[in-house]
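Summary of structural features
Listed below, chain by chain, are the residues.
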Amino acid sequence: MSPEDKLKELGIELPPAPKALGSYVPARKAGNLLFLSGILPLVDGELRREGAVGRDLTLEEAQEEAKITAINALSILQAYAGDLSKVTGCVKITGYVASAPSFTEQHKVLDAASDLIAEVFGEPGRHARAALGVNALPLYAPLEVEFIFELKD
Amino acid sequence: MSPEDKLKELGIELPPAPKALGSYVPARKAGNLLFLSGILPLVDGELRREGAVGRDLTLEEAQEEAKITAINALSILQAYAGDLSKVTGCVKITGYVASAPSFTEQHKVLDAASDLIAEVFGEPGRHARAALGVNALPLYAPLEVEFIFELKD
Amino acid sequence: MSPEDKLKELGIELPPAPKALGSYVPARKAGNLLFLSGILPLVDGELRREGAVGRDLTLEEAQEEAKITAINALSILQAYAGDLSKVTGCVKITGYVASAPSFTEQHKVLDAASDLIAEVFGEPGRHARAALGVNALPLYAPLEVEFIFELKD
């Protein structure tokens, strides 16, 4: 099943790729690696939720936001590569969760992004990951997620 | 001297590789690069110390924890590659230290991880590095460390 | 126009490359990628400003510091490669801004580094980027910035 068919099966329609928030590009290729810029959970250019997880957002709400960053990553990938079947896998996800000092489940937040990527790309979609807490993010976003994918030659 | 002999000389016995804490893999290869997931200083699946450096841990205690993350990285490497002599070097270490706002010696904490990696692999074990402070980490861990290694073809 | 000529046109003279603050190297090559260590805005080995943006530094002051990290990155590149024309582009910048919890313009801080890199290398200097806030950094620095460049074979 192609990644696009898998998305259809999951009932996910990719939105237009979010634009960069400054002097950078959404994705940059080097060899077979495609480095995506840090992605915020923007929907139609707006954050749906703001602030720190464990204070302003629950774990479940943060997981919804993490899934949105993964959907945005897929939009950027599709805009870059034209076709998700050119993607041979996901190498690494690094997720920064705006966190109340007492919040210690950043890894559970990120699972929602990791799960979607693995569902869409299958075994090659399984990736290394780091999940961190931070005290502040651009636009008061609850999280920001970076992705490294691997592309065909 | 092989990395395994060097470890024996240092009196270090590698523990079983720590398991992933969610929907990701401990290590993912892309080309000759091996990206390791963020590693916590778990010993037998448990943190020995929790909290922020400069408040709950001293610099010296944090350095002990950093050394444990490097040992865990070597365990993951060995489990992945079968044999540490397949590793041609360490490319990059990124260390996130849970920090009291007044703690500013994250680089000294990370030296304990960097030193061990360089001792085990010699000159090719010397790497680029970033050392950062953060306000929160998974499981209330005092630090989390990412590694990128280089493998033979 | 060569990167060196571009720097001259911009009135920028590269300082000596800053030294590592511990057991790591300023730059490490793997394949065609050159990973630079996290760079602080040191001038002659000293920070000009300390503390958190949004509390101790304004956005404009932080942008000046971000530009200094980019200049330091170019110094490290030149020391490593001998000649900036051996650099085929910039792949990724990750910037960690020491932030008051209410500061949410980390991306605007980093633009000052991104703009300089793009001016010096032209279109191949345009890169992926992540901009994060953190609560603490080595030496009480206001920011730390990592770069991945691409080199000729």
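Now for a quick tour of the structure. Within any chain, residue numbers begin from 1 and follow the written order of that chain's sequence. Think of it this way: whatever chain is written first is A, whatever ligand is written first is 1, and the rest follow in order. The model is predicted, so local features are restricted to residues of pLDDT at least 70 and side-chain atom pairs to those at 80 or more, both for listing and for counting; the totals for chains, interfaces and linings are taken over all residues. The basis for every side-chain value is the complete set of non-hydrogen atoms in the structure, without hydrogens or water.

**Some remarks on the relation of the copies chain A and chain C**
- With an RMSD of 0.0 Å, the fit of chain A onto chain C corresponds to turning through 120° and sliding 0.0 Å along the axis. Here the two chains are linked by the operation of a three-fold rotation axis. In terms of proximity to the rotation axis, the leading residue of chain A is V134(A), whose C-alpha is 3.1 Å off the axis.
- Any pair of residues with heavy atoms lying within 4.5 Å of one another is described as a contacting pair. The fraction of interface residues of chain A whose copies in chain C are also interface residues is only 17%, indicating that the copies meet through different surfaces. When the copies are superposed, the least-squares fit draws on C-alpha atoms of residues that have pLDDT of at least 70 in both.

**Some remarks on the sheet that holds strand β5 (residues 87–98) of chain B**
Residues and elements named next belong to chain B.
- By the convention used here, strands pair only if DSSP detects at least 2 bridges between them. Numbered from the N terminus, helices here are DSSP runs of H or I no shorter than four residues, and strands are runs of E no shorter than two. Taken in spatial order, the 5 strands make up an open sheet running β1-β2-β7-β5-β6, and their pairing is mixed. If you trace the sheet from one side to the other, it starts and ends with β1 (27–30) and β6 (128–134), each paired once. If you compare each strand with its neighbour and ignore which way they point, the axes differ by 15° on average.
- Alignment of β1 against strand β2 (residues 33–36), held across 4 bridges, turns out to be antiparallel. Paired with A27 across the two strands is L36, which belongs to β2. Where helices are involved, their axes are fitted lines through C-alpha atoms of the stretch in contact, as for all axes, and angles between N-to-C directions lie from 0 to 180°.

**Digging into the interface of chain A and chain C**
- The interface of chain A with chain C comprises 24 residues on the first partner and 30 residues on the second.
- With both chains or domains summed, chain A and chain C bury close to 2,100 Å², and 55% of this area falls on carbon and sulfur atoms.
- A 1.4 Å probe defines the accessible area here, and the buried area is the portion of it lost by two parts on being joined, summed over both. Looking at the side of chain A facing chain C, the largest losses of area belong to S23(A), R28(A) and N135(A), adding up to 29% of the total buried there.
- The working definition used for a salt bridge is a side-chain nitrogen of Lys or Arg within 4 Å of a carboxyl oxygen of Asp or Glu. Linking chain A with chain C are 2 salt bridges, by the criterion used here.
- Residue E150(C) pairs with R28(A) through a salt bridge whose shortest N-O separation is 3.6 Å.

**Here's the deal with the relation of the copies chain B and chain A**
- Mapping chain B onto chain A leaves a residual RMSD of 0.0 Å; the transformation is a rotation of 120° accompanied by 0.0 Å of translation along its axis.
- A distinct binding surface is used by each copy, with only 17% of the interface residues of chain B retained as interface residues in chain A.

**Considering the interface of chain B and chain A**
- Every contact between the two is made by 24 residues of chain B and, on the other side, 30 residues of chain A.
- Summed over both partners, the interface of chain B with chain A buries about 2,100 Å², with 56% contributed by carbon and sulfur atoms.
- Looking only at chain B, the three residues that lose the most surface to chain A are S23(B), R28(B) and N135(B), adding up to 29% of its buried area.
- At the junction of chain B and chain A, the tally comes to 2 salt bridges.
- Any pair of N or O atoms that falls within 3.5 Å is considered a polar contact. Within protein, one atom must be able to donate a hydrogen and the other to accept it, and sequence-neighbouring residues count only if both atoms are side-chain atoms. Taken together, the connections running from chain B to chain A amount to 14 residue pairs in polar contact (both at pLDDT 80 or more).
- Split into classes, the residues belonging to the side of chain B that touches chain A amount to 14 nonpolar, 6 polar and 4 charged. Three classes are used, and their members are as follows: Ala, Val, Leu, Ile, Met, Phe, Trp, Tyr, Cys and Pro are nonpolar, Asp, Glu, Lys and Arg are charged, and the others, Gly among them, are polar.

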